[in-house]
Amino acid sequence: MKGIYPDSVRETANGSVMMANLGDRDALIATDKTLGFAGKAVGDRLECELTHENAVALRAAFAFTAPVRVLTRERTLGVGDRLGIATPGHIRAFRAFPGVSPVFAQQSIRELTLTNRTFDDVLDAASFSVFREGFTEGFGADGDHLKTPKEVDYALNCGYTMITLDCSEHIRSGVTDENCAALYEPEPELEKLYLDRTFEVGEGVRVSFDERAFRKTALVYADAVRFAARIYHEKIASPSGDRADFEMSIDETATPTTPAEHFFVASELDRLGVHAASVAPRFCGEFQKGIDYIGDLSQFEEELKAHAAIARRFGYKLSIHSGSDKFSVFPLIGKETRGRFHVKTAGTNWLQAVLLIAERDPKLYREVHAFALKSFPEARKYYHVTTDLAKVPDLSDLSDAQLPKLFEQNDARQLIHITYGLILNEPRLRERLYAAWRRDADALDALVATHIERHMKALLEG
Ligand SMILES: [Zn+2]
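Remember, it's a predicted structure, so these values are computed and weren't measured experimentally.

Student: Help me understand the overall build of the protein chain, please; the structure alone is not making it clear to me.
Tutor: Secondary structure assignment for the protein chain yields 17 helices and 16 strands. Taking 23 Å as the expected radius of gyration for a compact globule of 462 residues, we find that the protein chain reaches 23 Å, a close match to that expectation. Each principal axis of the C-alpha distribution contributes one length, and for the protein chain these read about 75 × 60 × 35 Å. By the burial criterion, 47% of the 462 residues in the protein chain qualify as buried. Counted over contacts in the protein chain with a minimum sequence separation of 6, partners at least 24 positions apart contribute 69%.

Student: Would you mind showing me how to read helix α13 (residues 362-379) here?
Tutor: Structural remark: α-helix, 3.6 residues per turn; residues separated by three or four positions point the same way. Residue L373 marks the point of greatest curvature in α13, where the axis turns by about 40 degrees; the proline P377 follows within four residues. Those residues of α13 lying buried are Y365, V368, H369, A372 and A379. Along its buried surface, α13 packs onto α12 (348-360), α14 (410-418), α15 (420-424) and α16 (427-439).

Student: Help me understand the nonpolar core, please; the structure alone is not making it clear to me.
Tutor: The tendency in soluble globular proteins is for nonpolar side chains to be buried side by side. Membership of the largest hydrophobic core comes to 126 residues, with the highest contact counts inside it found for A126, I163, A228, V279, I333 and V354. Setting aside its immediate chain neighbours within four residues, V279 contacts E247, M248, V265, A266, A311, Y316, L318 and S319.

Student: Could you clarify how one ought to interpret the domain arrangement of the protein chain in this entry?
Tutor: Quite often, the size of an interface is put as the accessible area lost when its parts meet. When its domains are assigned, the protein chain resolves into domain 1 (3-61), domain 2 (66-176 + 182-348 + 454-461) and domain 3 (349-453). Spacing between the C-alpha centres of domain 1 and domain 3 amounts to 34 Å.

Student: Mind showing me how you'd approach the sheet that holds strand β16 (residues 341-345) here?
Tutor: Where strands meet in a sheet, backbone hydrogen bonds hold them as pairs that are either parallel or antiparallel. Reading around the circumference, β7-β8-β9-β10-β13-β14-β15-β16 is the order of the eight strands in this closed barrel, with parallel pairing throughout. Here the strands of the sheet are splayed against their neighbours by 25 degrees on average, with no regard to which way each runs. Here strand β9 (residues 140-146) pairs with strand β10 (residues 162-166) via three bridges, running parallel. Residue pairing across strands places L146 opposite L165, the latter belonging to β10.

Student: I would appreciate a short explanation of the environment of L332 in the present structure.
Tutor: Within the secondary structure, L332 is located in helix α11 (residues 330-336). When the C-alpha positions of L332 and L460 are compared, they lie 9.6 Å apart, and in sequence the two are 128 residues distant. The residues contacting L332, other than those within four sequence positions of it, are F300, E301, L304 and G462.

Student: Sorry if this is basic, but what is going on with the packing of helix α8 (residues 211-236) against helix α9 (residues 259-271) here?
Tutor: The relative placement of two packed helices comes down to the angle between their axes together with the axis-to-axis distance. Taken N-terminus to C-terminus, the directions of α8 and α9 make an angle of 40 degrees; their axes are 9 Å apart at the nearest point. As summarised for this structure, α8 and α9 are arranged oblique, according to the angle between their axes. Considering only the axes of α8 and α9, their crossing is right-handed. When α8 is examined against α9, the residues A213, T217, V220, Y221, V225, A228 and A229 are found in contact with a partner set consisting of A260, E261, F264, V265, E268 and L269. Class assignment of the residues belonging to the contact of α8 with α9 gives a composition of 10 nonpolar, one polar and two charged.

Student: I tried to follow unusual backbone geometry on my own but got confused; where do I start?
Tutor: If a residue is not glycine, its phi is most likely negative; likewise, a peptide bond is most likely trans. Look at S322: it is not a glycine, yet its phi comes out positive at around 50 degrees. Within the element layout of this structure, S322 appears in the loop between β15 (317-320) and α11. In the Ramachandran plot, D325 falls in the positive-phi region, its phi being about 65 degrees despite a non-glycine side chain. With respect to the helices and strands, the residue D325 is situated in the loop between β15 and α11. A count of 24 C-beta atoms within 10 Å places D325 in the buried class.

Student: What should I look at first to understand the packing of helix α1 (residues 52-61) against helix α4 (residues 119-133) in this one?
Tutor: Interaxial distance between α1 and α4 falls to 10 Å at its minimum, and their mutual angle equals 55 degrees. With respect to α4, the axis of α1 lies oblique. The hand of the α1/α4 crossing is left-handed. Mapping the contact onto sequence places H52, A55, L58 and R59 in α1 and D120, D124, S127, F128 and F131 in α4. Looking at the contact of α1 with α4 residue by residue, the classes come out as four nonpolar, two polar and three charged.

Student: Just to check I follow, could you spell out the environment of K147 for this structure?
Tutor: The topology assignment puts K147 in the loop between β9 and α5 (149-157). When the C-alpha atoms of K147 and S168 are compared, they prove to be 8.1 Å apart, with 21 residues separating the residues in sequence. Apart from the residues lying within four places of it in its own chain, the contact partners of K147 are D166 and E169.

Student: How should the pairing of β15 be read in this particular structure?
Tutor: Every other side chain in a regular strand lies on the same face of the sheet, so the side chains alternate between the two faces. Here β15 shows two buried faces, one formed by K317 and S319 and the other by L318 and I320. One ladder, built from two bridges, connects strand β14 (residues 278-280) with β15; its direction is parallel. Considered in β15, the bridge of V279 is made with L318. Note that the unit made of β14, helix α10 (residues 297-314) and β15 has a crossover that is right-handed. Here β15 runs beside β16; their pairing, made up of three bridges, is parallel.

About the cut-offs
Residues numbered from 1 in each chain as written. Predicted model: local features only at pLDDT ≥ 70, side-chain atom pairs only at ≥ 80, totals over all residues. Helix = DSSP H or I, 4+ residues; strand = E, 2+ residues; numbered from the N terminus. Rg over C-alpha atoms; globule rule 2.2 N^0.38 Å. Buried ≥ 20, exposed ≤ 12 C-beta atoms within 10 Å, placed from the backbone. Contact = placed C-beta atoms within 7 Å. Bend = angle between axes of the 7 residues up to and from the residue. Core = buried A, V, L, I, M, F, W, Y, C linked by C-beta atoms within 7 Å. Domains from an automatic or database assignment. Pairing = 2+ DSSP bridges. Axes fitted to C-alpha atoms, helices over the stretch in contact; angles between N-to-C directions. Parallel < 35°, antiparallel > 145°, perpendicular 65-115°, else oblique. Left-handed = near helix turned anticlockwise from the far one by under 90°. Nonpolar A, V, L, I, M, F, W, Y, C, P; charged D, E, K, R; others polar. Right-handed = clockwise from strand over helix to strand, strands pointing away.

Here is the structure:
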């Protein structure tokens, strides 16, 4: 629908600024010409395209469109938007659940590469949407899964307010009960602190390190903690306080983080003066993209209790990655963290966006699906999934009306979920998809909102 977005209108000292739908695109309309917006004059106003320069001017003029550190708030949810169009739908959901605070801009370098976007693009899309919808509650921007000092600088220089340091390359794999004695090189400082000691975490949680457990833990995690501490002190800490919320992620590893290992990481971060906003352990079971939790729920609950107690003891939040669609564990997460959690979801809004295509443009969906099947072997290199393509129904057996049902089937969901980069890099598909999403923007917002609201509802149930 063409026209001014009513919730965007802002009076300023010398006029007003608002956002308008011009049909094929949105633009800022400014009668206040003192705010640094660049655009073409149309009558007494400036019509300004949604460029990076105008996003910078927008954030300077309206503080609520700039990201802030939100991890200090109780319940936070990261909702990465790979398409740059999901934030209005997300905002609807966060308005329905005001007790949960958003991280709207949240992308990993892998996602940026696969979608040909930059950190600026991602943040600008969030800022423009927040302005358009008049969402003034504040939002975070997370440079997700950053692995190097350079990547951390990149996110910080773009104004990101959260840094998720992926320490997986410093976590040693292949350490076993059998080989740990041979691999171990003495760490006298750590031995003094942990070897043959038992720690009362509180809440009935106790961890201990006999010689083998200590050696294994030190071998696997000591370098990762030292790396996190180095990056934290070099990049995040400053005399006037931390530059961003700092999360240490150890979730992308081959084996789950045991409570004792988590304790070691937490205690070392503390000793090395790292003020972590959150830590993301690797939980038992499987957190695969776009589908529910796979694994033993009672074991998960048991270990979650211990992880949550450790996080509380050290004063940070537990962060749960790949949190899209993990409906069976959300109530447990809400309960055991006592409502202090950070959950990250990502590709689930992309799935909702493709569901919209299946509902409204079956012909285009069939093309996307065929392309996804062709691209799957390539996409699979980037993601850990157990998708069985043989279980995905053959589309020639399905009527158009049956296509949306595919999104209730795990293998079909994952097929679409992980091939997003290749699909969006196919110009013919990309153009038609974005045109369809723009045409049905309201329906897209509703689909995205409903799905994220289901996440929030389940998280608040606990
Ligand atoms: Zn992760």
